[in-house]
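As a plain string of letters, each chain reads:
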Amino acid sequence: MDKEELLTKLKEIVAPYTHDKDALATISPSTDFIKDLKINSANLVDVILDVEEEFDIEIDNLEMARMLNVGETVTIIEDKLKALDRK
Amino acid sequence: MNKAEILAHLPYSKPFLFVDELEEIDENGAKGSYTFDAGLDFYKGHFKDNPVTPGVILTETMAQIGLVCLGIYLSGSAEGGMPGHVMLTSTAIDFMKPVFPGEKVTVTAQKVYFRFKKLNCTVQMTNAAGEVVCKGTIAGMVTNKMNG
């Protein structure tokens, strides 16, 4: 899965939780889930759980703490998939 | 944590404490009861001359017994954990029957998940006749601070 494809999937996951459709339309690696997409901390957990399900991976507490923007999240997903040899 | 410790840790008092008894609690769920005191102030206005327990109060009762007691138990029972506070973050409730002043209700909650400090539960309230009064899903974040 390339970065572009990964970003598209992440955008679909995030869509139901965001209250800023304009920010969603212009999503980029620097997009911050809380500041830009206006996702609250409880729904951020749901984003992470949906990411786990979509990519069949497990996110731990330290990784969760890093997943505050789109770029960081894509990197973590990529690393996980690579480690599992499922790129 | 035992039931008495959990009740003692609840951050509510009258007139906003809606838990009388915690009957069961374990890592998967909670069960407790509350009897609505007919003297509660909101009955004077909801509705005029026709007191019925407001849906938001039924929701609060389910949250206090289901979500908050269970959240305190889970955070307090975790390894090296401290019993936290629970900040309500979402509710989706269907209401089936009215609850009148003086009625006793029982709330049962089942954990759906508790991850990254978010607790998500299905909750159900029954009346003394065993009929389902309301049910749905409630979620909250377990925090160390009172105001999230």
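Residues numbered from 1 in each chain as written. Chains lettered and ligands numbered in written order. Predicted model: local features only at pLDDT ≥ 70, side-chain atom pairs only at ≥ 80, totals over all residues.

### With respect to the overall build of chain B
Along chain B, the regular secondary structure elements total two helices and six strands. Element order for chain B, N to C, with α for helix and β for strand: α-β-β-α-β-β-β-β. By the compact-globule yardstick of 15 Å for 148 residues, chain B fits well, its C-alpha radius of gyration being 15 Å. Along the three orthogonal principal directions, the C-alpha set of chain B runs to about 50 × 25 × 25 Å. Counting the 148 residues in chain B, one finds 35% classified as buried. Taking contacts inside chain B between residues at least 6 apart in sequence as the whole, the part at least 24 apart equals 64%. (Helix = DSSP H or I, 4+ residues; strand = E, 2+ residues; numbered from the N terminus. Rg over C-alpha atoms; globule rule 2.2 N^0.38 Å. Buried ≥ 20, exposed ≤ 12 C-beta atoms within 10 Å, placed from the backbone. Contact = placed C-beta atoms within 7 Å.)

### Examining the sheet that holds strand E2 (residues 29-35) of chain B
All names here are of chain B. A sheet is described by the order of its strands in space; here six strands give the open sequence E1-E2-E4-E5-E6-E3, paired in antiparallel fashion. At either margin of the open sheet sits one strand with a lone partner, and together these are strand E1 (21-26) and strand E3 (85-95). With direction set aside, neighbouring strand axes in the sheet form an average angle of 20°. Examined bridge by bridge, strand E5 (residues 118-126) and strand E6 (residues 132-143) share nine bridges and lie antiparallel to one another. (Pairing = 2+ DSSP bridges. Axes fitted to C-alpha atoms, helices over the stretch in contact; angles between N-to-C directions.)

### So, the nonpolar core
The biggest cluster of nonpolar side chains holds 50 residues, and the ones touching the most others in it are Ile 48 of chain A together with Met 62, Leu 67, Cys 69, Leu 70, Ala 109 and Leu 119 of chain B. The element best represented in this core is helix H2 (residues 55-77) of chain B, accounting for 11 residues. If we skip the residues at most four places from it in the chain, Leu 70 of chain B touches Ile 25, Gly 29, Ala 30, Ala 109, Lys 111, Leu 119 and Cys 121 of chain B. (Core = buried A, V, L, I, M, F, W, Y, C linked by C-beta atoms within 7 Å.)

### Observations regarding the interface of chain B and chain A
Every contact between the two is made by seven residues of chain B and, on the other side, eight residues of chain A. Breaking the side of chain B that touches chain A down by element, the ones donating at least two residues are E3 and E6 of chain B. Partitioned by chemical class, the residues of the side of chain B that touches chain A number three nonpolar, two polar and two charged. (Nonpolar A, V, L, I, M, F, W, Y, C, P; charged D, E, K, R; others polar.)

### So, the environment of Asp 20 of chain B
Residue and element names in this part refer to chain B. Its location among the elements puts Asp 20 in the loop between helix H1 (3-9) and E1. Each C-alpha atom, one on Asp 20 and one on Met 82, is 23 Å from the other, the two residues being 62 residues apart in sequence. In contact with Asp 20, not counting residues within four places along its chain, are Ser 33, Tyr 34 and Thr 35.

### Let's talk about the confidence of the model for chain A
Regions with low pLDDT should not have their predicted coordinates read in detail. Summary statistics for chain A give a mean pLDDT of 93 and a share of 99% for residues scoring 70 or more. Of all secondary-structure elements in chain A, the lowest mean pLDDT belongs to helix H2 (residues 21-25) of chain A, at 92, while helix H3 (residues 41-55) of chain A reaches the highest, 96. (pLDDT = per-residue confidence, 0-100.)

### A few points about the packing of helix H1 (residues 3-14) of chain A against helix H5 (residues 70-83) of chain A
All names here are of chain A. Interhelical geometry of H1 versus H5 gives an angle of 115° and a closest axis separation of 10 Å. As H1 packs across H5, the resulting crossing turns out to be right-handed. The segment H1 lies against H5, with Lys 3, Leu 6, Leu 7 and Leu 10 engaging Val 70, Thr 73, Val 74, Ile 77 and Glu 78. Per-class residue counts for the contact of H1 with H5 are six nonpolar, one polar and two charged. (Left-handed = near helix turned anticlockwise from the far one by under 90°.)

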